[in-house]
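# Coordinate inspection notes
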Amino acid sequence: MTTVVLRGGVTLPLAVYQNYIMAKVELLQPQIKGFAVKLKQFLKDKAKKENWHENRVKRVFSVQMKTAVKNFYIRDNCHPFKATILIWVQLPMWICLSFALRNMTGAFPGKLAQDLGVLVPALTSEGTLWFPDLTQPDPYWILPIMLGLTNLMVIEMHALRPTKPSKFQRRVTIFLRCLSVAMVPIAASLPTAMSLYWTVSSVFGLGQNLLLKSPKFRRISRIPKIHGESATPYRDMVNSAKDKVLRTNRRKDTVTSTQSKGNS
């Protein structure tokens, strides 16, 4: 319940604000590009008249563009750094709650906790279903596997972008996939209270990301409509996933046929 309250009352509004800032920044891009074209032409003409060196033109262009972009952000109150507020709040909150649950269940105790044992004895009997004791690891690995699958769903949902990802983005996606898989045995070795918190938090995060793709919710939250925003985002995600699977199968078939020809 605490997880749902914190995620719904703290991180969801911050996620809405993050999307609001990102949308305003994206809507500013045509103005920034238009200003850059005009500035480049102005400096080109000025360089011809005053016989400026090419390096000076580049330096002046860079300085004036930085100033102009900064003024655009100030005017519309949408500096991109404001979009990072979610991670600055969510990550410390996740770490603090994880450490609190670790201490409450007596996991990895220090000298003081070693004498006290489980700091909240009620946790040994407040579980449910297959995990009655929240101080012990999940005996069937159900919660850790749910955690890994949910995290992978969030990662794959972000990977279904309409544009081709850069090399850096592909590497980040691969790293996050590996991290999600690695979290399964880690969660399985920790008290169920921690793996339950992590799983509920991840499920809420998945729902939050799906909700923020809804055009109706975005309009209710006053997130500006951006260019290319789909009216049917969920259908598009399903179609993108199907296309991705088909492309992967085609590549496998191509590799298999090539190897078969090589062997023959």
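Residues numbered from 1 in each chain as written. Predicted model: local features only at pLDDT ≥ 70, side-chain atom pairs only at ≥ 80, totals over all residues. Heavy atoms only, no water.

## What to know about the packing of helix α3 (residues 85-104) against helix α7 (residues 192-211)
Closest axis-to-axis distance for the α3/α7 pair is 9 Å, and the angle between their directions is 155 degrees. What the angle tells us is that α3 and α7 run roughly antiparallel. You can see that α3 and α7 cross each other, and the crossing is right-handed. Between α3 and α7, the contacting residues are M93, W94, L97, S98, L101 and R102 on the first element and A193, M194, Y197, W198 and S201 on the second. (Axes fitted to C-alpha atoms, helices over the stretch in contact; angles between N-to-C directions. Helix = DSSP H or I, 4+ residues; strand = E, 2+ residues; numbered from the N terminus. Parallel < 35°, antiparallel > 145°, perpendicular 65-115°, else oblique. Left-handed = near helix turned anticlockwise from the far one by under 90°. Contact = heavy atoms within 4.5 Å.)

## A few points about the confidence of the model for the chain
Per-residue pLDDT for the chain has a mean of 83; in total, 87% of the residues score no lower than 70. Below a pLDDT of 50 lies the segment residues 110-116, which in the model reaches 1 contact outside its immediate sequence neighbourhood of four places, other chains included. (pLDDT = per-residue confidence, 0-100.)

## Brief notes about the pattern of salt bridges
Here the idea is simple: oppositely charged side chains can pair when their charged atoms come close. All told, the structure shown has 6 salt bridges when counted by the stated rule. Linking R218 and E229 is a salt bridge whose minimum nitrogen-to-oxygen distance equals 3.5 Å. One end of the pair, R218, is in helix α8 (residues 215-220); the other, E229, is in the loop between α8 and α9 (233-263), and 11 residues separate them in sequence. Using a relative accessible area of 18% as the deciding quantity, one classes E229 as buried. For E229, the salt bridge goes to R219, with nearest N and O atoms at 2.7 Å. With E229 in the loop between α8 and α9 and R219 in helix α8, this pair connects stretches of sequence that are 10 residues apart. The network of salt bridges with common partners includes R218, R219 and E229. (Salt bridge = Lys/Arg side-chain N within 4 Å of Asp/Glu carboxyl O. Buried < 20%, exposed > 50% of the residue type's maximum accessible area, 1.4 Å probe, protein only.)

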